[in-house]
Amino acid sequence: MAVNAKKIAVYVLVVFVLYVIVTDPAKAADYVQIGFEGISDAAKAIGDFFTWLVNGAK
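Attention in this report is confined to the structure presented alongside it. (Residues numbered from 1 in each chain as written. Predicted model: local features only at pLDDT ≥ 70, side-chain atom pairs only at ≥ 80, totals over all residues. Heavy atoms only, no water.)

## Topic: helix α2 (residues 25-54)
Phase 1: Under the 1.5 Å per step criterion, the end-to-end length of α2 is 43 Å for 30 residues, consistent within 8% with the ideal 44 Å.
Phase 2: Just beyond α2, the residue with positive phi is Gly56, at close to 95 degrees. (Helix = DSSP H or I, 4+ residues; strand = E, 2+ residues; numbered from the N terminus. Expected span 1.5 Å × (residues − 1).)

## A look at the pattern of salt bridges
Phase 1: For the coordinates displayed, the defined rule picks out one salt bridge.
Phase 2: Where Lys44 meets Asp48, a salt bridge forms, and the shortest distance between an N and an O atom there is 3.0 Å. With a gap of four residues between them, Lys44 and Asp48 both fall in helix α2, about one helical turn apart.
Phase 3: Accessibility expressed as a relative area gives 42% for Asp48, which makes it partly exposed. (Salt bridge = Lys/Arg side-chain N within 4 Å of Asp/Glu carboxyl O. Buried < 20%, exposed > 50% of the residue type's maximum accessible area, 1.4 Å probe, protein only.)

## Observations concerning helix α1 (residues 2-23)
Structural remark: α-helix, 3.6 residues per turn; residues separated by three or four positions point the same way.
Phase 1: Taking 1.5 Å as the rise per residue, α1 with 22 residues should run 32 Å; its terminal C-alpha atoms sit 31 Å apart, in good agreement.
Phase 2: Burial analysis of α1 places just one of its 22 residues in the buried class, which makes it a mostly uncovered element.

## Topic: a nonpolar patch on the surface
Phase 1: A surface patch of nonpolar side chains, about 890 Å² in accessible area, is lined by Val10, Leu13, Val14, Phe16, Val17, Leu18, Tyr19, Ile21 and Val22.
Phase 2: On the secondary structure map, Leu18 appears in helix α1. (Patch = residues over 30% accessible without salt bridge, like charges linked within 9 Å, V, L, I, M, F, W, Y side chains within 5 Å. Areas by Shrake-Rupley, 256 points an atom, 1.4 Å probe, with all protein chains shown as cover.)

## A closer look at the packing of aromatic side chains
Centre distance and the angle of the planes are the two values used to describe a pair of aromatic rings.
Phase 1: In total, this model carries two aromatic pairs according to the counting rule given.
Phase 2: Judged by centre distance (5.4 Å) and plane angle (70 degrees), the rings of Phe49 and Phe50 are edge-to-face.
Phase 3: Here Phe49 and Trp52 contribute two aromatic rings whose centre-to-centre distance is 5.9 Å and whose plane-to-plane angle is 35 degrees, an arrangement assigned as tilted. You can see Phe49 and its partner Trp52 sitting in helix α2, three residues apart, about one turn around the helix.
Phase 4: Given the relative accessible area of 41%, Phe49 is considered partly exposed.
Phase 5: Judged by relative accessible area, Trp52 falls into the partly exposed class, the value being 39%. (Phe/Tyr/Trp six-rings, centres within 6.5 Å; stacked < 30°, edge-to-face > 60°.)

As structure tokens, then:
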């Protein structure tokens, strides 16, 4: 039962993403840019943390 619910959720998500891309490509591009900026900020924060750690946590 849980597997079927997961498959349905994935299909609904895919259909929604395709709908957004087809109906408003500019907004879809904005969403992708926001996502990549979030990933980039997270990677930078992790890098800053490890740099701080390597420098003796000062």
